[in-house]
Amino acid sequence: MGDRRTTLVARGLEVRRPGTARTTTKIGAVSDTPVIRDASAADAEACAAIYAPYVRDTAISFESEPPSAEAVAGRIAAAQRAHAWLVLEDGGRVVGYAYGGPYKERDAYRWSCEVSVYLEPGRRRTGSGRALYDALLDRLAERGFRTVVAGIALPNEASVRLHRAMGFEPVGTWRRIGWKNGRWHDVTWVQRSIGEYDEQPAEPR
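Please read these numbers as outputs of a predicted model, since none were measured by experiment.

J.: Help me out: how do you make sense of the overall build of the protein in this one?
T.: Within the protein, the regular secondary structure consists of five helices and 10 strands. Sorting the 205 residues of the protein into buried and exposed places 43% on the buried side. When contacts within the protein are restricted to residue pairs at least 6 apart in sequence, long-range pairs at least 24 apart make up 63% of them. A total of about 11200 Å² of accessible surface is found on the protein, and carbon and sulfur atoms cover 50% of it.

J.: What should I look at first to understand the layout of surface pockets in this one?
T.: Any empty space left between atoms is shown by rolling a water-sized probe over those atoms. As a volume, the largest pocket reaches approximately 900 Å³. Lining the largest pocket are 39 residues, with Ile60, Val117, Asn156, Ser159 and His163 sitting closest to its centre. Of all elements in the fold, only helix H2 (44–57), strand S6 (93–102), strand S7 (112–119), helix H4 (128–142), strand S8 (147–153), helix H5 (157–165), strand S9 (169–180) and strand S10 (183–193) reach the threshold of two or more residues within the lining of the largest pocket.

J.: I tried to follow the side chain of Glu120 on my own but got confused; where do I start?
T.: With respect to the element layout, Glu120 can be found in the loop between S7 and H4. Only 2.8 Å separates the side chain of Glu120 from the side chain of Arg93, close enough to count as a polar contact. Beyond its immediate chain neighbours, meaning those up to four positions away, Glu120 contacts Ile50, Arg93, Val94 and Val95.

J.: Help me understand unusual backbone geometry, please; the structure alone is not making it clear to me.
T.: Phi is mostly negative for residues that are not glycine, and the peptide bonds are mostly trans. Following Leu154, the chain continues into Pro155 via a peptide bond in cis, with omega recorded as 5°. Its location among the elements puts Pro155 in the loop between S8 and H5. For Arg176, which is not glycine, the phi torsion reads 45° and is therefore positive. Positive phi, close to 55°, is recorded for Asn181, a residue that is not glycine. Along the chain, Asn181 turns up in the loop between S9 and S10. Accessibility expressed as a relative area gives 49% for Asn181, which makes it partly exposed.

J.: Looking at this structure, how should I read the confidence of the model for the protein?
T.: Should pLDDT be low for a region, the predicted coordinates there are not to be read in detail. Chain-level statistics for the protein give a pLDDT mean of 87 and a share of 84% at 70 or above. Across residues 1–10, confidence stays below pLDDT 50; counting only partners more than four residues off in sequence or on other chains, it has 14 contacts. Low pLDDT (under 50) marks residues 19–31, which in the prediction has 14 contacts with non-local residues, meaning those over four places away or in another chain.

J.: Is there a simple way to explain a positive patch on the surface in this structure?
T.: A cluster of basic residues, Arg124, Arg125, Arg161 and Arg164, forms a positive patch on the protein surface. Here Arg124 lies in the loop between S7 and H4. By relative accessible area, which is 48% here, Arg124 ends up partly exposed.

J.: Looking at this structure, I do not really get the packing of aromatic side chains. What am I missing?
T.: Two descriptors summarise a pair of aromatic rings, namely the distance from one centre to the other and the angle between the planes of the rings. Summed over all chains, the structure comprises 11 aromatic pairs. When the centroid spacing of 5.0 Å and the interplanar angle of 70° are considered together, the rings of Tyr51 and Tyr118 count as edge-to-face. A residue pair is termed long-range when its members are at least 10 positions apart, and Tyr51 in helix H2 and Tyr118 in strand S7 qualify at 67 residues. Joined through ring pairs, the aromatic side chains of Tyr51, Tyr54, Trp85, Tyr97, Tyr99 and Tyr118 make up one cluster. If you follow Lys104 out to its NZ or CZ, it ends over the ring of Tyr103, 5.5 Å from the centre.

Basis of the calculations
Residues numbered from 1 in each chain as written. Predicted model: local features only at pLDDT ≥ 70, side-chain atom pairs only at ≥ 80, totals over all residues. Heavy atoms only, no water. Helix = DSSP H or I, 4+ residues; strand = E, 2+ residues; numbered from the N terminus. Buried < 20%, exposed > 50% of the residue type's maximum accessible area, 1.4 Å probe, protein only. Contact = heavy atoms within 4.5 Å. Areas by Shrake-Rupley, 256 points an atom, 1.4 Å probe, with all protein chains shown as cover. 1 Å grid on protein atoms, 1.4 Å probe; cavity = no way out; pocket = protein on both sides within 12 Å on 5 of 7 lines; lining within 4 Å. Points joined across faces, edges and corners; volume = space filled by probe spheres on them. Polar contact = N/O pair within 3.5 Å; in protein donor to acceptor, adjacent residues only side chain to side chain. pLDDT = per-residue confidence, 0-100. Patch = residues over 30% accessible without salt bridge, like charges linked within 9 Å, V, L, I, M, F, W, Y side chains within 5 Å. Salt bridge = Lys/Arg side-chain N within 4 Å of Asp/Glu carboxyl O. Lys, Arg positive; Asp, Glu negative; His and termini not counted. Charge placed at Lys NZ, Arg CZ, Asp CG, Glu CD. Phe/Tyr/Trp six-rings, centres within 6.5 Å; stacked < 30°, edge-to-face > 60°. Lys NZ or Arg CZ within 6 Å of the ring centre and 35° of its normal.

The following block contains the structure:
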């Protein structure tokens, strides 16, 4: 993972690579070090619980009803097949997640993907979002993707700051594109390069 792994370790986080074992501090005890790892179906309930308030109480998500744990398990499986879905586990509990998915379905877009990150309340400004994004973008780059994009429903200054800090650049805003919670919302789009734009790009894997 190069410099990204150094940064995450410096923040006191362990990044678990696919297929590696769960670490312990002593027999029968899970490590207290926060871990970023691949999600599985077993994480669906926790991810659904984290996501639900964003759907119910904010316009950060444009969904109108929180998805069930079963629905989230399906989303995790789909993301893992072609992109990535990572969770942040602290004290044996999932407290945040980030994932990538297709930007659009048409073939020419296949080297690009859309990314999102969600944290449970109280995790903002702790470095958790940046750490999840660091690990996610590293994983997507390894799979051969070149560009990542994110849509931010406004107002959401915390997300704007996070993406700016992560090196995303603003590329445009859709005006009054969504109606939720009694008002129209703009969505601003940001993007970042994570790979080389070679003339004969290898297929994402």
